[in-house]
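# Inside the fold
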Amino acid sequence: MIGAERKAGRSGWALGFYTALIYGFFYLPIVTLILFAFDAKEVPGLPLKDLTLGWFAAALSDRQLLAALSTSVWVALLSASLAVLLAMPAALALAWVRLPAKPAILGFIIAPMVVPHLVLGLGLLLLFRPVPGILGVAGVVIAHTTLNLCYATMILYSHLLGFQRSLVEAARDLGASEIRMFWEVVLPLSAPAILAAFLMSFTLSFGEFVAAWFVAGFERTLPIEIWAWLRHILSPKINAIATVIVAVSVAMTILAQLWILRRRNGARGGAA
Amino acid sequence: MLLRRRHGTASRDKHKVSPIAPVLLFQTVFFVAPIGILFVYSFWRMQDFRLITEFSFHNYREMANNPLLIKAFFLSLRVALVVTVVCAVLAFPIAYFISKKAGRWKVACLVAVIIPFWTSFVLRAYAWKLLLGERGVINTGLVSTGIIEAPLSYLLYSPFATAIGLIYGFLPFMVMPIYTSLEKVKDSWIDAAADLGASPARATWEVTLPLCIPGLVVGCVFTFIFALGEYVIPAMLGGGKDLLMAQAIVLEFELSQNWPGGAAISVVLLAIVFAVVAAVLRWVKMEEVL
């Protein structure tokens with residue numbers, strides 16, 4: 001018995017060590033990306049000798065990069081909002097109403113998940129080509145909404161499946177109309193899931209390249225801009241802007257997690 | 001009461017079908033229609049830079065007779081398969097660690113798996129370029145520590161580099177579903193196996209692993225499909241010599257302006273994707289894994 005435990009302990013260490021290695025693999029590229037943002041050399045590479053913050057100043061005063069960044073933020077905001085707005089009613093109906101052919105509808109909604117972004121981008125390009133003015137920001141927003149819809153719907157759907165229906169029943173028994181019930185019961189209690197769906201959509205859209213590349217026309221999102229740069233030059237400016245993005249998204253992830261945890265604890269405290 | 005409720009749901013059923021309508025409409029116009037157009041294009045052809053809108057199998061015949069495309073096709077399948085197997089082998093122990101050993105660090109460990117995934121593929125591929133290049137971090141490190149004498153040139157711009165990038169990109173997609181499956185395996189079941197005299201290895205092999213198969217299958221399907229259709233990583237890390245399918249599609253569209261040809265390759269890619277999904281859905285129920 002003791003032997004078995006010792007053995008388990010040793011395999012436990014091996015497992016822990018292995019996990020640490022894989023986390024190293026996960027973060028090695030990101031750390032590299034960030035380190036070279038502080039490297040004074042024109043072309044990023046080892047050894048790191050002179051450190052500078054100059055690339056951040058250079059990146060954040062580069063008109064082209066800033067324009068692409070703002071395009072990306074707009075596209076991500078619009079497509080994430082649109083995805084959540086479309087997904088919420090669908091998720092409500094799927095989770096709470098007995099629908100004919102529900103598995104088929106779910107399958108249809110999930111389908112874009114498995115289609116390569118490249119293929120969707122090309123299809124949308126062929127679809128949009130005859131329509132004037134749509135290739136550009138509008139096209140990218142539509143492409144990203146299509147890609148985000150499945151994730152947003154699934155997040156909201158699984159949240160609503162686990163929703164305490166008794167609260168809705170109570171509101172109805174107290175005479176609340178459907179609309180009031182939605183605004184005052186369902187929506188506030190679904191806020192964490194809605195935020196999760198929105199953040200997921202925003203992030204996917206913000207980083208998406210291939211589909212956007214085909215339907216962006218002459219517009220450039222940040223990934224398109226960076227892609228274009230990388231074809232010609234390796235500049236630490238790219239590392240600097242990447243560092244800013246990583247920092248912002250990690251901060252946002254942590255803040256969102258904290259907010260969701262606090263709300264959950266708050267709800268539990270209120271119930272007790 | 002019962003009667004009223006039943007009546008109530010029935011009448012609600014009727015007007016509650018409409019909340020799904022916007023999604024279905026949006027997806028029909030911007031998902032079904034584009035793929036339909038691609039499908040139609042694949043039967044047209046280009047002649048002297050003009051689109052001939054006559055039905056023919058021209059592009060598919062060309063594809064079958066193009067040795068470069070055949071090579072890209074099989075290389076894509078091979079790379080996707082290798083990436084899937086490697087990801088599955090790498091992911092299981094981590095998912096196991098997070099689910100069973102991480103204790104109160106569980107959420108932090110999970111979030112740490114997802115965070116890299118929140119950085120654009122373009123940036124992550126660029127990061128691997130910095131790592132794998134001839135003057136990259138890994139080569140410089142290995143040379144300066146004396147492990148190798150000259151930089152390894154095959155690290156970057158090779159199917160090897162593509163595979164590393166794809167494994168890196170899709171490992172989270174493998175970890176998450178396996179983790180979800182593992183969460184459903186109760187510790188007491190593993191303890192029971194141990195009490196009956198099974199070694200930890202045997203308990204893992206005969207109890208935990210079989211119960212994880214749904215998660216493993218979902219992870220494998222997604223990894224395989226994503227790896228098969230991925231463009232950014234092979235384009236940035238794979239170099240121009242050994243093309244994958246996604247690169248071939250872009251070349252047809254961008255360089256040759258042969259849209260019907262590119263559409264035909266896309267249709268073949270889509271057919272493989274849907275065949276894999278359909279095959280898997282035959283023996284794994286969707287409810288089990290979502």
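Keep in mind it's a predicted model, so treat the numbers as computed, not measured.

### Description of the overall build of chain A
For chain A, the count of helices and strands is eleven helices and zero strands. The N-to-C order of helical and strand elements in chain A reads α-α-α-α-α-α-α-α-α-α-α. The C-alpha radius of gyration computed for chain A amounts to 24 Å, which surpasses the reference 19 Å derived for 272 residues by more than 25%, pointing to a less compact arrangement than a globule. Dimensions of chain A, computed from C-alpha atoms along their principal axes, come out at roughly 75 × 70 × 35 Å. When each of the 272 residues of chain A is scored for burial, the buried share is 49%.

### So, the packing of aromatic side chains
Each aromatic ring pair is summarised here by two numbers: the centre-to-centre distance and the angle between the ring planes. Enumeration according to the criterion identifies 34 aromatic pairs over all chains in this entry. Consider the rings of Trp 213 of chain A and Tyr 231 of chain B, whose centres lie 5.7 Å apart with planes at 20 degrees: the pair is stacked. One end of the pair, Trp 213 of chain A, is in helix H9 (residues 210-215); the other, Tyr 231 of chain B, is in the loop between helix H11 (213-229) and helix H12 (232-237), on a second chain. Of the residues examined, Trp 213 of chain A reaches a relative accessible area of 22% and is grouped as partly exposed. Owing to a relative accessible area of 6%, Tyr 231 of chain B belongs among the buried residues under this scheme. Here the aromatic cluster, defined as three or more aromatic residues joined through ring pairs, consists of Phe 209, Trp 213, Phe 214 and Trp 227 of chain A together with Tyr 231, Phe 253 and Trp 259 of chain B.

### Concerning a nonpolar patch on the surface
All names here are of chain A. A surface patch of nonpolar side chains, amounting to about 360 Å² of accessible area, comprises Leu 60, Leu 66, Val 244, Val 248 and Met 252. Among the structural elements, Val 244 can be located in helix H11 (residues 236-271). Residue classification places Val 244 among the partly exposed positions, given a relative accessible area of 31%.

### Let's talk about the interface of chain B and chain A
Across the boundary between the two partners, chain B contributes 82 residues, which contact 81 residues of chain A. Summed over both partners, the interface of chain B with chain A comes to about 7,400 Å²; 81% of that surface belongs to carbon and sulfur atoms. When the area that chain B buries against chain A is broken down by residue, the three leading residues are Phe 26, Trp 118 and Tyr 126 of chain B, summing to 10%. Inspection of the region where chain B meets chain A yields zero salt bridges. Counting the contacts that link chain B with chain A gives eight residue pairs in polar contact (both at pLDDT 80 or more). Ranked by residue count, the leading element in the side of chain B that touches chain A is helix H2 (residues 21-41) of chain B, at 16 residues. Classifying every residue of the side of chain B that touches chain A by side-chain character gives 67 nonpolar, eight polar and seven charged.

### Concerning helix H8 (residues 159-184) of chain B
Over its 26 residues, H8 of chain B extends 37 Å from the first C-alpha to the last, a length consistent with the 38 Å expected when each residue adds 1.5 Å. Of all bends in H8 of chain B, the biggest is about 40 degrees, found at Phe 170 of chain B, and the proline Pro 172 of chain B comes one to four residues later.

### Points about the domain arrangement of chain A
All names here are of chain A. Parsing chain A into structural domains produces domain 1 (2-38) and domain 2 (64-271). Counting from both sides, the interface comprises six residues of domain 1 and, opposite them, six residues of domain 2. Across the domain 1/domain 2 interface, buried area totals approximately 460 Å², and carbon plus sulfur atoms make up 74% of it. The three residues of domain 1 that bury the most area against domain 2 are Leu 33, Ile 34 and Ala 37, which together make up 72% of that side's buried surface. Run the count over domain 1 and domain 2 and you get zero salt bridges. At the junction of domain 1 with domain 2, the criterion picks out one residue pair in polar contact (both at pLDDT 80 or more). Here the residues of the side of domain 1 that touches domain 2 are counted per class, giving five nonpolar, one polar and no charged.

### Comments concerning the packing of helix H3 (residues 63-96) of chain A against H2 of chain B
With their axes 7 Å apart at the nearest point, H3 of chain A and H2 of chain B run at an angle of 130 degrees to one another. Classified by the angle between their axes, H3 of chain A and H2 of chain B sit oblique to one another. Two secondary-structure elements touch here, H3 of chain A through Leu 82, Leu 86, Ala 87 and Ala 90 of chain A and H2 of chain B through Pro 22, Val 23 and Phe 26 of chain B. Split into classes, the residues belonging to the contact of H3 of chain A with H2 of chain B amount to seven nonpolar, no polar and no charged.

### Here we look at the environment of Arg 202 of chain B
Residues and elements named next belong to chain B. Note on placement: Arg 202 falls in helix H10 (residues 200-211). Since its relative accessible area comes to 47%, Arg 202 is described here as partly exposed. Between the alpha carbons of Arg 202 and Leu 38 there is a distance of 50 Å; along the sequence they are 164 residues apart.

### Considerations on the environment of Arg 135 of chain B
Positionally, Arg 135 of chain B belongs in the loop between helix H6 (121-132) and helix H7 (137-144). For the pair formed by Arg 135 of chain B and Val 83 of chain B, sequence separation is 52 residues and the distance between their alpha carbons is 26 Å.

### Quick look at unusual backbone geometry
You will see that Ala 101 of chain A, though not glycine, has its phi angle at about 60 degrees, which is positive. The residue Gln 257 of chain B is not glycine, and still its phi comes out positive at about 55 degrees. In this fold, Gln 257 of chain B is placed in the loop between helix H13 (245-255) and helix H14 (259-283).

### Details of the side chain of Lys 100 of chain B
Residues and elements named next belong to chain B. Along the chain, Lys 100 falls in helix H4 (residues 67-101). Overall, the relative accessible area of 19% leaves Lys 100 in the buried class. Engagement of the side chain of Lys 100 in a polar contact is seen with the backbone oxygen of Val 185, the distance being 2.6 Å. Apart from the residues lying within four places of it in its own chain, the contact partners of Lys 100 are Leu 182, Val 185, Asp 187 and Ile 190.

### Details of the pattern of salt bridges
The full count for this structure, using the stated rule, is seven salt bridges over all chains. A salt bridge links Arg 180 of chain A to Glu 184 of chain A, with the nearest nitrogen and oxygen atoms 3.3 Å apart. Taken together, the residues Arg 180 of chain A and Glu 184 of chain A, both in helix H8 (residues 178-207) and four residues apart, mark about one turn of the helix. We note a salt bridge from Glu 183 of chain B to Lys 106 of chain B, for which the minimum N-O separation is 3.1 Å. With a gap of 77 residues between them, Glu 183 of chain B in helix H8 and Lys 106 of chain B in helix H5 (residues 106-114) connect regions that are remote in the sequence. Assessed through its relative accessible area of 36%, Glu 183 of chain B is described here as partly exposed. On the basis of relative accessible area, Lys 106 of chain B is assigned to the partly exposed category, the value being 24%.

### Side note on the packing of H3 of chain A against helix H10 (residues 222-232) of chain A
Residues and elements named next belong to chain A. The contact between H3 and H10 brings their axes to 7 Å, and the two run at 145 degrees. For the pair H3 and H10, contact is made by Gln 64, Leu 65, Ala 68, Leu 69 and Ser 72 and by Leu 222, Pro 223, Glu 225 and Trp 229, respectively. Residues belonging to the contact of H3 with H10 are distributed by class as follows: six nonpolar, two polar and one charged.

Reading guide: rules and limits
- Residues numbered from 1 in each chain as written.
- Chains lettered and ligands numbered in written order.
- Predicted model: local features only at pLDDT ≥ 70, side-chain atom pairs only at ≥ 80, totals over all residues.
- Heavy atoms only, no water.
- Helix = DSSP H or I, 4+ residues; strand = E, 2+ residues; numbered from the N terminus.
- Rg over C-alpha atoms; globule rule 2.2 N^0.38 Å.
- Buried < 20%, exposed > 50% of the residue type's maximum accessible area, 1.4 Å probe, protein only.
- Phe/Tyr/Trp six-rings, centres within 6.5 Å; stacked < 30°, edge-to-face > 60°.
- Patch = residues over 30% accessible without salt bridge, like charges linked within 9 Å, V, L, I, M, F, W, Y side chains within 5 Å.
- Areas by Shrake-Rupley, 256 points an atom, 1.4 Å probe, with all protein chains shown as cover.
- Salt bridge = Lys/Arg side-chain N within 4 Å of Asp/Glu carboxyl O.
- Contact = heavy atoms within 4.5 Å.
- Buried area = accessible area lost by both parts, 1.4 Å probe.
- Polar contact = N/O pair within 3.5 Å; in protein donor to acceptor, adjacent residues only side chain to side chain.
- Nonpolar A, V, L, I, M, F, W, Y, C, P; charged D, E, K, R; others polar.
- Expected span 1.5 Å × (residues − 1).
- Bend = angle between axes of the 7 residues up to and from the residue.
- Domains from an automatic or database assignment.
- Axes fitted to C-alpha atoms, helices over the stretch in contact; angles between N-to-C directions.
- Parallel < 35°, antiparallel > 145°, perpendicular 65-115°, else oblique.

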